[in-house]
Amino acid sequence: MRLRSHLRGQNSPRKSLRSDRAFSLIELMVAVTILSLLFLLAVPTYQRIQRKAKAAAIANDLQVFGAVFQAHAHEAGSWPPETAAGIVPTGMTPEELKFDDWTQKTPMGGKFDWEFNQTHVGVQFRAAITITPTTDAPLVLDDELLLEIDKAIDDGDLSTGMFRRGNGNYPLFIIEN
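Residues numbered from 1 in each chain as written. Predicted model: local features only at pLDDT ≥ 70, side-chain atom pairs only at ≥ 80, totals over all residues. Heavy atoms only, no water.

(A) Inspection of the sheet that holds strand S3 (residues 163-165) at higher detail. A sheet is described by the order of its strands in space; here four strands give the open sequence S1-S2-S4-S3, paired in antiparallel fashion. Every interior strand has two partners, whereas the edge strands, strand S1 (111-120) and S3, have only one. The mean inter-strand angle of the sheet, taken between neighbouring strand axes irrespective of direction, is 35°. Against the sheet, helix H3 (residues 25-76) engages S1, strand S2 (123-132), S3 and strand S4 (171-176), with an angle of about 30° to S4. Sheet strands touched by helix H5 (residues 143-153): S3 and S4. Its angle to S3, the strand with the most contacts, is close to 155°. (Pairing = 2+ DSSP bridges. Helix = DSSP H or I, 4+ residues; strand = E, 2+ residues; numbered from the N terminus. Axes fitted to C-alpha atoms, helices over the stretch in contact; angles between N-to-C directions. Contact = heavy atoms within 4.5 Å.)

(B) Summary view of the nonpolar core. Among the nonpolar cores identified, the biggest contains 28 residues, and Leu62, Phe69, Trp102, Ile129 and Ile149 are the most heavily contacted of them. Listed by contribution, the elements that provide at least two residues to this core are H3, S1, S2, H5 and S4. Per element, the largest residue contribution to this core is eight residues, and it comes from H3. Beyond its immediate stretch of four places on either side in the chain, Ile149 contacts Ala55, Ile58, Ala59, Leu62, Met108 and Phe163. (Core = buried A, V, L, I, M, F, W, Y, C linked by side-chain atoms within 4.5 Å. Buried < 20%, exposed > 50% of the residue type's maximum accessible area, 1.4 Å probe, protein only.)

In structure tokens form, the structure reads like this:
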């Protein structure tokens, strides 16, 4: 009886070793559960921040490119001719347009595409920029990303304004109607 009470007591060497050197299975499970919940809360926030950063970068690129094309048209007296996606329009110089920025894949995929006198969804636009998929840069159409871009540039409505959906639902930034 004395031995039993000694093993159950506070001075038990077995109990003191366990509590000083290791975590119980329940403590580990609680810690893993808390970390999992924190991770689940952080992922949507991270995705939202990532989407806003992409939208800001694309909106900035479209506005800068739009200003470059307007300046070119003002100085040259006409808009550059139509080109394919990722191709620098004829007549544009490296001093006007950073060729690497124009020809690289955008943050949402696809490449910038200069549109001159093209019709999109039944409406003809004199000057516009689209983002179009290419074989080396597929385009991922994310509605929330497109709305973020539209809010940054325009009216927040993808069916009206300077930024909207064009042919194939691809992003279309209108410079001149």
